[in-house]
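Coordinates in review
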Amino acid sequence: GAVVSQHPSWVICKSGTSVKIECRSLDFQATTMFWYRQFPKQSLMLMATSNEGSKATYEQGVEKDKFLINHASLTLSTLTVTSAHPEDSSFYICSASPLSGVTDTQYFGPGTRLTVL
Amino acid sequence: TQLLEQSPQFLSIQEGENLTVYCNSSSVFSSLQWYRQEPGEGPVLLVTVVTGGEVKKLKRLTFQFGDARKDSSLHITAAQPGDTGLYLCAGTAYYNAGNNRKLIWGLGTSLAVNP
């Protein structure tokens, strides 16, 4: 149980285009989903927290107009990187926290490798 | 600002050796999680500790939560090459009058176990 999927697993795009990444909790409902960014051999950097049906809470320094987050249901959240630039190239990971059980626990997706040319 | 200091940041050992990774903070956490991550994949939850002084074992891995819930350790006995990976600790922090929560992450420990 507690499986989180991400799609796509990797994407290459041209500078200036937008890319959408999906995060789904497959076998549980998630009150909250989190989006992280990670650089090689470094820890995770929280970008934003999203609760179903409400606006996402962005961490300091993260541009909300550039990284659009939509949490339309208890099993799906999307991150759209708008007008992507090479510096946006990174590993993006989402996580989901179940409605029931140990609510402090987050389950992570496999990540999406974004490369902007 | 809540911080979680994780050490060591890098560790390279021989197969069969024991090791301990530490996560320390001046803040109290309601719970603390340990994750393991392999390159190109998302972190995989190893354990969640909730109670001060709690000890959990997962095969050769032993996790301990400090009595004051400010620190935690991960001990691996007789490490094997398959244990190689990035180990991350994360503590749950509440904000906005307790209405929201997020994980505070350690910087990670990159472990290499050589055969």
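Residues numbered from 1 in each chain as written. Chains lettered and ligands numbered in written order. Predicted model: local features only at pLDDT ≥ 70, side-chain atom pairs only at ≥ 80, totals over all residues. Heavy atoms only, no water.

1. Considerations on the packing of aromatic side chains
Residue and element names in this part refer to chain B. Under the convention used in this document: Put simply, two rings from Phe, Tyr or Trp (the six-membered ring, in Trp's case) pair if the centres are within 6.5 Å, and we call them stacked under 30 degrees between planes, edge-to-face over 60, tilted for the rest. In this text, helices come from DSSP runs of H or I with a minimum length of four residues, and strands from runs of E with a minimum of two, each type numbered from the N-terminal end. Between buried and exposed lies partly exposed: a residue is buried under 20% and exposed over 50% of the maximum accessible area for its type, with that area taken using a 1.4 Å probe on protein chains only.
Taken as a whole, this structure holds eight aromatic pairs over all chains when the rule is applied. When the centroid spacing of 5.3 Å and the interplanar angle of 40° are considered together, the rings of Tyr 35 and Trp 105 count as tilted. Here Tyr 35, found in strand E4 (residues 32-37), pairs with Trp 105, found in strand E10 (residues 100-105); they are 70 residues apart in sequence, far enough to count as distant. Each member of the pair, Tyr 35 as well as Trp 105, is classed as buried.

2. A closer look at the sheet that holds strand E1 (residues 4-7) of chain A
Residues and elements named next belong to chain A. The cut-off we apply is this: The criterion for strand pairing is that DSSP finds at least two bridges linking the strands in question. Interaxial angles span 0 to 180 degrees and are taken between N-to-C directions of axes, which are lines fitted to C-alpha atoms, for helices over the stretch in contact.
Pairing within the open sheet is antiparallel, and its four strands lie in the order E1-E3-E8-E7. Whereas interior strands pair on both sides, the edge strands pair on one side only; in this sheet they are E1 and strand E7 (67-73). Direction aside, the axes of adjacent strands within the sheet are offset by 15° on average. Pairing between strand E3 (residues 19-25) and strand E8 (residues 76-81): six bridges, direction antiparallel. The residue bridging Arg 24 from the neighbouring strand is Leu 76, located in E8.

3. Considerations on the interface of chain A and chain B
Stated precisely, the cut-off is as follows: What makes two residues a contact is simply this: any of their non-hydrogen atoms within 4.5 Å. In short, buried area is how much 1.4 Å probe accessible area vanishes from two parts on joining, totalled over both. Salt bridge criterion: a side-chain nitrogen from Lys or Arg within 4 Å of a carboxyl oxygen from Asp or Glu. Between N or O atoms, a polar contact is any pair within 3.5 Å; within protein, one atom must be a potential hydrogen donor and the other a potential acceptor, and residues adjacent in sequence are included only when both atoms are from side chains.
On the chain B side, the residues contacting the 25 residues of chain A number 24 residues. When the two sides are added together, the surface that chain A and chain B hide from each other amounts to roughly 1,800 Å², 50% of it contributed by carbon and sulfur. Linking chain A with chain B are zero salt bridges, by the criterion used here. If you look at where chain A meets chain B, you find five residue pairs in polar contact (both at pLDDT 80 or more). When contributions to the side of chain A that touches chain B are tallied by element, the ones reaching two or more residues are strand E4 (30-38), strand E5 (44-51), strand E9 (90-98) and strand E10 (107-108) of chain A.

4. Considering the side chain of A:Ser90
Examined against the element boundaries, A:Ser90 turns out to sit in strand E9. Of the residues examined, A:Ser90 reaches a relative accessible area of 4% and is grouped as buried.

No statement about biological role is implied by the geometric values presented.
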